[in-house]
Amino acid sequence: MGHDTLLRQDAIPRREPVTVEERLFREMGAGGYSRQDHRMEYIVRVNALLRPDMRVMEFGAGRGKWSHDPVPLRRQLGDFRGRCAHVTACDVDEAVLGNETADAVELVGHDGLLPFPDASFDLISAFSVLEHIETPERTAEELGRILAPGGWLCAWTPNRWGYVGIGARLIPKRLHARVLRMVEPRRVEIDSFVPLYTMNTEAARKRLFPTDRFEHFTYAFDGQPFYHGENIVLGKFWELLFRLTPGPLKGYHMVFIRKR
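This report concerns the structure included in the present document. (Residues numbered from 1 in each chain as written. Predicted model: local features only at pLDDT ≥ 70, side-chain atom pairs only at ≥ 80, totals over all residues. Heavy atoms only, no water.)

**Some words on helix α3 (residues 38-49)**
For the record, the criterion: By the criteria applied, helices consist of DSSP H or I runs no shorter than four residues and strands consist of E runs no shorter than two, each listed in order from the N terminus. Helix span, expected: 1.5 Å multiplied by one less than the number of residues in the helix. Whether two residues touch is decided by their heavy atoms; if any such pair falls within 4.5 Å, the residues are in contact. Polar contacts, as counted here, are pairs of nitrogen or oxygen atoms within 3.5 Å of one another; within protein the pair requires one atom able to donate a hydrogen and one able to accept it, and residues that are adjacent in sequence qualify only if both atoms are side-chain atoms.
Across its twelve residues, α3 extends 17 Å between first and last C-alpha, which sits within 8% of the 16 Å expected from 1.5 Å per residue. On its buried side, α3 packs onto α4 (72-78), β4 (121-127), β5 (147-158), β7 (219-221) and β8 (252-259). Taking the backbone nitrogen of R39 as reference, a side-chain oxygen 2.8 Å away marks D37 as the first, capping residue of α3.

**Re the environment of V96**
Put simply, the rule reads: The rule is simple: take the accessible area with a 1.4 Å probe, protein chains only, and divide by the maximum for that residue type; under 20% is buried, over 50% is exposed, in between is partly exposed.
Assignment of secondary structure puts V96 in the loop between β2 (86-91) and β3 (104-107). Classification of V96 by relative accessible area gives buried; the value is 0%. A C-alpha to C-alpha distance of 8.3 Å links V96 and G60, two positions 36 residues apart in sequence.

**A word on the packing of aromatic side chains**
Note the following rule: Any Phe, Tyr or Trp ring, taking Trp's six-membered ring, that has another such ring centre within 6.5 Å forms a pair; planes under 30 degrees apart are called stacked, those over 60 apart edge-to-face, and the others tilted. Whether a charge lies above a ring is judged from NZ of Lys or CZ of Arg, which has to be within 6 Å of the ring centre and within 35 degrees of the ring normal.
Under the counting rule described, the total for this entry stands at nine aromatic pairs. These aromatic residues form a ring-pair network of at least three members: Y42, W66, F127, W156, Y219, Y252 and F256. Lying across the ring of W161, R160 places its NZ or CZ 5.4 Å from the centre.

**Re the pattern of salt bridges**
Heads up, the rule is: Counted as salt bridges are all cases of a side-chain nitrogen of Lys or Arg within 4 Å of a carboxyl oxygen of Asp or Glu.
Tallied over the full model, the rule gives twelve salt bridges. Ionic pairing is found between R207 and E137, a salt bridge with its closest N-O pair at 3.3 Å. Taken together, the residues R207 in helix α8 (residues 202-208) and E137 in helix α5 (residues 136-146) connect sequence positions 70 residues apart. For E137, a relative accessible area of 45% corresponds to the partly exposed category. Through salt bridges with shared partners, a single network forms among D37, D69 and R74.

In structure tokens:
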């Protein structure tokens, strides 16, 4: 490599870390995501299960959870179109009607009933959805019904006994939105819903999806801290706490359930 090449490379301006996450995880400068990124951890594993012949449903899809993701690779991996047979976006929120990352959209009611025939889907993805379920028994029954034999239910959701789950239950519902704005100021308001945590323990999910009919491959995951109010000291505190937290109390669950 010549001297002129070295000079040209040195002349390229280097972007300094701006957000708390970028300061905690320098590797975000190479690709935009950290080694502890829960979104990437989830979507990569879902893609590991994805096959070209699969019929996929995004449960609780909203306006398109991945379509506006700031990380290009996550955005690419979150768009299943062209890499499976068919994608259906389903939600109780009318925002799903504007979802442009699916082949079909379906607006459903809050009663847990899903308007699809038995064994309609080979993979159901529910990112940040299970914590908002109002009718867990009926919803689980319906998800199991529309899932084909050998199909996968994939979900990322907070652990009821993790710091997020406990904190959310201690905060009065009327204050949820205000507290979220304080600790996560970059959060998009339309993506905020009050959590109920009816399906957020391993015991609850094994009751709702019994092991004689379903195989469970769930594991705990903390991810990177983001409830820090853009304060680096608080961010470092969360990172240290994550390292010291035992598995049963970690913040989140990566849920992978296969229908026998």
